[in-house]
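Residues per chain, in single letters:
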Amino acid sequence: MSDLDPTLLARIQFGANISFHILFPTISIALSWVLIYFKIRYARSGDEKWMEAYRLYVKVFALTFALGVVSGITMSFQFGTNWPGYMEKVGNIAGPLLAYEILTAFFLEAGFLGIMLFGFRRVPGWLHTLATVLVAFGTALSAFWILALNSWMQTPVGHEMRDGVAHAVDWWQIVFNPSMPYRLTHMVLASGLTVAFLIAGLSAYQRLKGDERPAVKAALTTGVVLAAILIPIQIFVGDQHGLNTLKHQPQKVAAMEANWETRPAVPLVLFAWPDEQARDNHYEIAIPYGASLILGHSPNAVVPGLNDFRGNHPPVKPVFFAFRIMVGIGLLMLAVSWFASFQIWRRGEPVPLVNRVLVAMTFAGWVATLAGWYVTEIGRQPWLVSGVLRTADAVSAVPAPMIAATLAAYLATYAFLLAAYVSVLFYLARKARIPGTTVKDKDQIPFVHEGLPADAAKA
Amino acid sequence: MDQAVWLPVAFAVLMGVSILLYVILDGYDLGVGILLPRATPEEKDRMIASIGPFWDANETWLVMAVGLLLVGFPTAHGVILSTLYGPVAFLLIALIVRGVAFEFRAKAGAPFKPWWDRAFFAGSLVAALSQGYMLGLYINGFAGGLTAHAFAVLTALCLAAAYAFIGACWLVMKTEKDLHVKAVRWARLTLGAVVLGMAAVSIATPLASQRIFAKWFSFPEIIALAPIPLMSGAIIVGVWMMLQRMPRADHSLDFVPFVGAVLLNVLGFTGLAYSFYPYVVPDRLTIWQAASAPESLMIIFAGACFVLPVIIAYSVLAYWVFRGKATELRYD
């Protein structure tokens, strides 16, 4: 066991924990707003189908939120256990950002979650709506703070180094650092797309199982159309984010493109097998001038190459392939969501074959989101905080076998929970057609008559 | 006064309050988990319903406490959590399993429900035990050796019993009929273990550290400290007598044992906090040695002063909304 590298193990463990964690906020951030949308549609139309959709997805939300909370607790411990050097060096920056996330976001979400989930019959309609909005707002706020910190680690500004320790100089600059607006927008859209495909996938699954309820069609349309709207915006924002990265972290872009020499007229590599030993690509399939056109908007634009950053650039293969997986799924999302939208427009709902594709893509958002995170986080290596702190210098002195043993335990737990989560989601979707107790007395549904004043008369 | 002097103290207080709130709040819901196997299936649903709207927010106090340790005293966070790496991993996995079992038991199919109930129980128990084990090691100043670990095993068992006690008191307050009667019995049984635990910690703490011994048994401190054991004793006797007279036809006093349990927690915690102050790692690191730069602490402190009252306000709102005896949880 002694030849295990503690830095690598600590990275794998932290990576595994944060990968598992991010799956759930990615869903809960956007799903909370979709729930509000269902509530509003129901309040406006009084149509029971929106309430049925709300009932299914509020359960999905509760389950997802719980997984996000408990996996998030792990994170608060592992910052210190796995990366003590991180807090020693940049704790003055990271500390307040994390503290504000806990104070303003975590408590807000958790504090109003009880009322949002179980308070429907216990509080006035306006309070239930307010609680739901506050939970949704809390999840978004949480994303804001943690992405501010992550972006600062990518593009650190607004601090000065005194005795080898970072001290804050300008908090505005630190929070709104150069990559932050792009990363936040990209991530929030990723959350929206993940939820859109989740809802579309679960609804398509219900349709294929013969569930004819209007609620299923309403949710399916919501998911597909939301995806169709968001994906072009996401492709545009992703491109802008890439240009921002080119400006601030050119070595990351060089690894994404597997471009070894800084030169003009760089082709866009569709597939290759990058070889860091030979510092060249094998089996390359490329579109001439492609990378120069995308990154420099001119066929002869100069694109930075990895050889300018020898010893100071990320490992090429994981960044290169993760980027292709993300972009590939993005393009697939574009094709599927537009085609499915077209079918909904022409014939009311997608054909069974398209529904099958949607079921297969239920968790496509997760794969794309994780791939994107691997691009940006592995792409930051060998730095933990770009130019400030190397990952290897932040690692803890915990013995490698201890990290390996706990890593194995975490991985086993996560694999099991992931399987349980996915199967329970499909189970809930299957079960949704069995009618529960429907609310007969409209007065029991608070927001119908109090939530939105304009519709009080209608309801 | 100098920021570098009072800010670490303010942070220590904030962290202490967070830990105390966590121990009380998650204490009762972990306790309910520990008691779960003793109930019938219908009672299990009701027990879980009694903590359903609260457990998420309760666990946030743990994130808050660890977060404050991380951002306020980063060196101590490194020392403490690296030393406790093993038990921390147990705690985290237990909390994960427990938290999700709570959701899965109601959402997975009926055949799986007993398994998720078992997971909920096991997660609650292991979480309580690992917290108690860590407390034991902490009290001994992370000294290795058989005695320290044997003591940690004892504190682990006692903390689990204490959580079961406060959980039982919570159920006395929140439930009716058969379950209420059962909860009264559970509270009586676990109260004995609580007394044993408080005694064990009270004996071991001064023995583990010369400094704490001097702090406890010198004049006039001993007079100032005397109310802690005296009040604890009075509360224990009072709660015991109350439990003997339960169940009562009139449920208006069902909250009393829970309040007693909360007060016991507050007193026990105050005693520990007094003993270890100003050390954040016993006899090794003071809060001033471990603190972050004052300007960063200040910006968090300012935010906390503004936000904490709001958090307390909406926490009170949540408890108000779900006041009274627990009813079935419904999403609609």
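About the cut-offs
- Residues numbered from 1 in each chain as written.
- Chains lettered and ligands numbered in written order.
- Predicted model: local features only at pLDDT ≥ 70, side-chain atom pairs only at ≥ 80, totals over all residues.
- Buried ≥ 20, exposed ≤ 12 C-beta atoms within 10 Å, placed from the backbone.
- Helix = DSSP H or I, 4+ residues; strand = E, 2+ residues; numbered from the N terminus.
- Pairing = 2+ DSSP bridges.
- Contact = placed C-beta atoms within 7 Å.
- pLDDT = per-residue confidence, 0-100.
- Nonpolar A, V, L, I, M, F, W, Y, C, P; charged D, E, K, R; others polar.

**Focus: the pairing of strand β4 (residues 280-287) of chain A**
Residue and element names in this part refer to chain A.
Move 1: In terms of residue burial, β4 counts as a barely covered element, since only 0 of its 8 residues are buried.
Move 2: Taken together, the 6 bridges between strand β3 (residues 268-275) and β4 define a ladder with antiparallel strand orientation. If you follow Trp273 over to β4, its bridge partner there is His282.
Move 3: The antiparallel hairpin formed by β3 and β4 contains 4 residues in its connecting segment, where Arg279 sits at a positive phi of about 50°.

**Considering the environment of Trp116 of chain B**
Residues and elements named next belong to chain B.
Move 1: Position of Trp116 relative to the elements: it lies in helix α6 (residues 113-139).
Move 2: Trp116 gets classed as buried once you count the C-beta atoms within 10 Å, which come to 20.
Move 3: When the C-alpha atoms of Trp116 and Arg98 are compared, they prove to be 8.7 Å apart, with 18 residues separating the residues in sequence.
Move 4: Beyond its immediate sequence surroundings of up to four residues, Trp116 is in contact with Ala101, Phe104, Arg105 and Ala108.

**Some points on the confidence of the model for chain A**
Residue and element names in this part refer to chain A.
Move 1: Of all residues in chain A, 94% have pLDDT values of 70 or greater, and the mean over the chain is 86.
Move 2: Looking across chain A, the model is least confident in helix α14 (residues 446-450), with a mean pLDDT of 37, and most confident in helix α6 (residues 180-208), with 95.
Move 3: Taken together, the stretch residues 437-459 has pLDDT below 50 and engages in 34 contacts with residues farther than four places along the chain or on a different chain.

**Points about the interface of chain A and chain B**
Move 1: The interface of chain A with chain B comprises 62 residues on the first partner and 55 residues on the second.
Move 2: Elements with a minimum of two residues in the side of chain A that touches chain B: α2 (48-82), α3 (84-118), β2 (165-168) and α13 (400-431) of chain A.
Move 3: Ranked by residue count, the leading element in the side of chain A that touches chain B is α3 of chain A, at 23 residues.
Move 4: Its residues assigned to classes, the side of chain A that touches chain B shows 40 nonpolar, 17 polar and 5 charged.

**A short note on helix α2 (residues 41-51) of chain B**
Move 1: For α2 of chain B, the complete set of buried residues consists of Lys44, Arg46, Met47, Ile48, Ser50 and Ile51 of chain B.
Move 2: At its buried positions, α2 of chain B is contacted by α1 (3-35), α3 (55-72), α5 (85-107), α6, α7 (146-174) and α8 (177-208) of chain B.

**What about unusual backbone geometry?**
Move 1: Here the residue pair Met246 of chain B and Pro247 of chain B is connected by a cis peptide bond, since its omega of 0° sits within 30 degrees of zero.
Move 2: For Pro247 of chain B, the location among the structural elements is in the loop between α11 (227-244) and α12 (256-276).
Move 3: Backbone torsion omega between Tyr277 of chain B and Pro278 of chain B reads 5°, so that peptide bond is classified as cis.
Move 4: Counting through the fold element by element, Pro278 of chain B comes out in the loop between α12 and β1 (279-281).
Move 5: For Ala258 of chain A, which is not a glycine, the phi torsion comes out positive at approximately 50°.
Move 6: Within the secondary structure layout, Ala258 of chain A lies in the loop between α8 (250-257) and β3.
Move 7: A positive phi angle, near 55°, is found at His297 of chain A, a position not held by glycine.
Move 8: With respect to the helices and strands, His297 of chain A occurs in the loop between α9 (290-296) and α10 (316-347).
Move 9: On the neighbour-count criterion, His297 of chain A (9 C-beta atoms within 10 Å) is exposed.

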